[in-house]
Amino acid sequence: MNTQVAIAHLAWKELRQLIPLLIMLPIITLLIVAIATSRDLAGGQGQRIVATALAFVLSGMPGLYAAGAGALLVGFEKEQRTLDWLRSLPITSLQIIGVKLAVALAGLLVLWALAIAFGQAVAQSAVPDLYERIPFVGLLNYALYLLPAGFALAWWCRSAAVSLLLIVPVAMLPLLVMQLTILTLEKSGKFLLSQSYYQLLNPLLLFGAVIGLFAAVSLGRRYLAPQSPHRERWLTHWPTWQRYAAGRRRLGYGPVVPPTSALLWQFANQNRAVLCGVSLLLAASILALATGALDPPGLVPGGFLLAFLATSWLGVVVFQGDSAHERIRFLADRGISPATVWWTRQLIPSAILSATIVVAIVAFLSPKFQEISLAQIIPIVMSSAFAVTAVYAVSQWVGQLFDSPILAALGAPVVSVLAFGWGVYAVEMFGTGIILVASLAIIPLILTRLMSRRWMDRRFGASFWGVQAAALSLVVFTPMVPLMVDVFRQPRMPREIALQMEAAARARLPNESPLIELTAGESSTTLDQRLRSIQTQLEESPGPVSASSMQHLVLPLQGTATLLRLSLKQPTESIDADQDPPPDSLGIVVPDPEVTSERYRQALEIVLRVAQRMRQSPRIIEQDAADMVEIWLLQELSHDTVQDTLGESLYRQVVDQLADTAARTEARKQAIAHSWSRFQNERDGGMRTFGGYDFPGHVHGRGYLRDRWLTHHRIGLAVAQLWTFVSGGPQPPDNTTLTLIASQWGNATGRNGSKRSAANPRADDPSTYPYPSNQRFRLSTANQWRAGWERHAADLK
Amino acid sequence: MAEPMSPKPESVIAIDRLSVSFPGCDALREVDLQVPRGTVFALLGENGAGKTTLIRALTGFLRPSSGTCRVLGLDPDVDALRIRQRIGYVADAPALYDWMRVGEIGWFTAAFYKDDFLDRYREMIAHYEVPEDRKIRNLSKGQRAKVALALALAHDPDLLILDEPTSGLDPLVRREFLESMLDRVATGRTVLLSSHQIAEVERVADTVAILHQGRFRVVDSLANLRETVSEVTVSLDDPLVQLPLLPPPVEVMSDQLEGRQRRLIVRGASEEHLQLWRARPGVIGVRTRSATLDELFAACIRGRGANKTTASEGEVAEVA
């Protein structure tokens, strides 16, 4: 025999046994990480959820593996009796034990590497303080401690399930030693910093790993050694045990009981070790939670973890005890009703869980019964019952699906976390109602009942998996239903308009440079300097002028120009040029009319260029700003002396700009199309803004994705309306359309039409239009589109 | 191929054109069968012939791809649970709660049957000499088989379906058990026995069905088979001598050439038919005797092409 080949083949076999675990854990982990780090959950309030989920997942993956590897490689083989065959091979027991441990350790290293890679990716992308929140190294060390401990327990226990249960108290041992050390130190007047806890824990874990390794090898060698009847049956040599055993034997000869009683007896006896262990875990969890307010602080999360694991394993045991060795076929062969079998499997675990919930609630709330009302208690009871039912139901579903009790016991808690994560995700992202999500917990229960006949008959064919897949789809897709209903109920942008806008958006913009925001020039003290500064900015930056320039630059400039025009009519002799500050610091009141005229021309030329540059913008807000600038220019042109003051050339330029309705309409259409395109690509700062405006119909608080969909649809409809409106020709629009647009874009209805009382009325008649002052100025979407001022402007030509 | 039996009103099992297909494999191909009440019906076939598939279809553990079957007048597709309650079934690898003691499993199972179940069970366990206080997991293979048999028989079912029941039993218990089957049949019960132990089947079976590659090659009463199936040894002066074709319903089930002798298993051949062979030039002599069930079974499984080197020469017979 070639020993090396034998060991290699043995290692291959062990690896094959571990592969389901090595695949299942990272896949489920990846799903949980994907859910936990998705948009919006990773920010704000979601931070705590994310950190908690990831702490569990990233550290739990190697930990779960380490706890289960021994049960899978040793316990499962013991139950299948393949270890008996293995030890009949010409290899030493030390080789069998060593190969199992080495392969399991290699698997742990792989999962460590994956956990670190996941952790790095998450820390870099979503949760930067991940490593501050999670004692990562300590948790990885925990896995190193659990691995040999799991092996030792698996060699020691007859049942793999019991060895898995025992790993829980063994896992807590280092924490207990650490706490005792801390308490001892504190009693002697020495206090440790909280950071020192981990410095204390890590050596403890490494020491425990060495002890575990020794125990695993020693117990393994003992198990694989030739059997000694004395060793196997030591309990029977104990007289008391013999008496007890004799008493038990008589149990089988009592009167025949009804089928349900017999089935309950069978379930309880078959799983008594697991049921007792789980009950102890639940009791320990209640104790930990009840004393959680006291030191040490780790008791509360520890209590929750214990309660979670115990609930999950109670779910697993519902079907796993009967699945082992296909025992359930015994009942199937005798035609026992699947319904009876199903509910007799549920009764005892449900009773244990119900009793635990009641005890926990009484324990927590009894000191506060005087202060707390029934209305406050009911939600607590309901949410506890839901959480417990969900974990229990998902776990029993996993227990029915998996043939291996080890995989079921390890997979069920992870799948439960995944299911819980999906529920949280659905609530946060789709805005699904909590009641609906909670009601989905019943699906695994219904499913296990529906499948109980096939499970009993061991008929795991295509239809079995088809139903499972359908149920899984139901669980996955039902939370999306409210979102989908909203999406499909919401009217969509007409296809024709979408295509027109798509074509328009593909057209090249006249000005593709970035938007510029004009400033008044901090160092400019005189009007000339200010005008020069603005001109320089316009020459140096070729981009469209942003609407944000209106308030602090364009409107003051318009005011200055108006004053310049007015000053041309005023006598200037009385003005003392030596006043301090000099009067032309505003540049308005100067003795020389020629200078004033020149400055007026310059100001109007700048305003004209600003309007032209605003028209080149791909956002609709600049089109509205340009409208306001052009309305002001139109009003300026209506004054008698302006044409002379501007001179023929500049006057003609202004008139050409104002009279070109077609170019204005085209610019608006371009802006709508590009704003829509940019909105869809989220280039303008997310879903809340469109074309530079905050969209008032933005939906929030109904789930991140639902908000996005609804907002998208609403904006799409409003944009389609704008497109139709702008393409409507020169005739005045009807009031219904104006009101609709106003309501879609959040414009006060009174602002439309030509009512002078409106806050920002439509400029149907420029001569009576009250151009807003700087304080009252506010742009409103499409407010001046197709208003009367455009026809007046066209008439200028 | 065997002719389907004519339907009888008292049939406990009635199968009509039953097919069961798995991906890449047709386990049963349009099988017809009638099992009369009060008989021991033996189901024979090599490994993978479809015996267990047929039993699983009859007990509702498997849904047929096509065709119908009825057990005790019930459709297994609809009334599987009622069928299972009324029959006794011992699977090839019986599932038992191995953590229970022998006595406990009887007490537990008694909850699902009539009142006298436990007494009968205890009688049988005592008869089989299985210790009642021993856990099932600590029993030998044979003892487990005895427990499984006792559990299947204790409610005195109308139909007993046994899939390799005697595997692991010692010869004495096996003999006793098989003889007890005859007692059951005498009281109007029916036994469907699937087995490889042909010699034992031959001792107790009333009717025999041989399943080969998903089809029944033979379904007939044992007495009839003994009368009609014979082994014919033809001595030839030259192995290349061709034998004349025998007219229907004579069926040559197997044909082997051993030197200058051809050994054929023939069904339905009379002395007149054999005379045709005797009269053939080159035939030195023809001897005949009744075939054993073992020989018939082998003939069904091997067919005419079993001995390839001689089969091509045997093709000259072109019988059946």
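Undergrad: Would you mind going over the overall build of chain A with me for this structure?
TA: On a plain count of helices and strands, chain A comes out with 32 helices and 2 strands. Counting all 797 residues of chain A, 41% fall into the buried class. Within chain A, contacts between residues separated by at least 24 positions form 77% of all contacts whose residues are at least 6 apart in sequence.

Undergrad: Teacher, can you tell me more about the interface of chain A and chain B here?
TA: Accessible area lost when the parts come together is the quantity often used to give the size of an interface. Contacts between the two partners involve 24 residues from chain A and, on the opposite side, 25 residues from chain B. For the side of chain A that touches chain B, the elements supplying multiple residues, two or more each, are helix 11 (259-270) and helix 14 (328-333) of chain A. Ranked by the residues each element gives to the side of chain A that touches chain B, the list is headed by helix 11 of chain A, at 4 residues. For the side of chain A that touches chain B, the class distribution of residues is 9 nonpolar, 7 polar and 8 charged.

Undergrad: For this particular structure, what's the right way to read the sheet that holds strand 13 (residues 283-290) of chain B?
TA: By way of backbone hydrogen bonds, the strands of a sheet pair with one another, either parallel or antiparallel. All names here are of chain B. Spatially, 11-12-10-13 is the arrangement adopted by the 4 strands of the open sheet, whose pairing is antiparallel. In this open sheet, the two strands that pair with only one neighbour each are strand 11 (251-258) and strand 13. For this sheet, the mean inter-axis angle between neighbouring strands, taken without regard to orientation, is 20 degrees. Against the sheet, helix 10 (residues 293-302) touches strand 10 (229-236), strand 11 and strand 12 (261-267), its axis set at about 90 degrees to strand 11.

Undergrad: Any chance you could explain the confidence of the model for chain B here in plain terms?
TA: Regions with low pLDDT carry predicted coordinates that are not meant to be interpreted in detail. All names here are of chain B. Here chain B shows a mean pLDDT of 83. Residues at 70 or above account for 92%. Considering each helix and strand of chain B separately, the mean pLDDT is smallest for helix 11 (residues 308-314), with a value of 34, and largest for strand 4 (residues 66-71), with 93. Low confidence marks residues 1-9, where pLDDT is under 50. Its contacts with residues over four positions away, or in another chain, come to 13 contacts. Here residues 305-320 scores under 50 on pLDDT; set against residues more than four positions off or in separate chains, the count is 26 contacts.

Undergrad: I'm lost on the sheet that holds strand 8 (residues 207-212) of chain B in this one. Help?
TA: All names here are of chain B. Pairing is mixed in the open sheet, where 6 strands are placed in the order 5-6-7-3-8-9. Looking at the sheet topology across the chains shown, the edges are occupied by strand 5 (87-90) and strand 9 (215-221). Each strand axis lies, on average, 10 degrees off the axis of its neighbour in the sheet, ignoring direction. Sheet analysis places strand 5 next to strand 6 (residues 159-163), joined by 4 bridges and oriented parallel. What sits directly across from Gly-88, in strand 6, is Leu-160.

Conventions adopted
Residues numbered from 1 in each chain as written. Chains lettered and ligands numbered in written order. Predicted model: local features only at pLDDT ≥ 70, side-chain atom pairs only at ≥ 80, totals over all residues. Helix = DSSP H or I, 4+ residues; strand = E, 2+ residues; numbered from the N terminus. Buried ≥ 20, exposed ≤ 12 C-beta atoms within 10 Å, placed from the backbone. Contact = placed C-beta atoms within 7 Å. Nonpolar A, V, L, I, M, F, W, Y, C, P; charged D, E, K, R; others polar. Pairing = 2+ DSSP bridges. Axes fitted to C-alpha atoms, helices over the stretch in contact; angles between N-to-C directions. pLDDT = per-residue confidence, 0-100.

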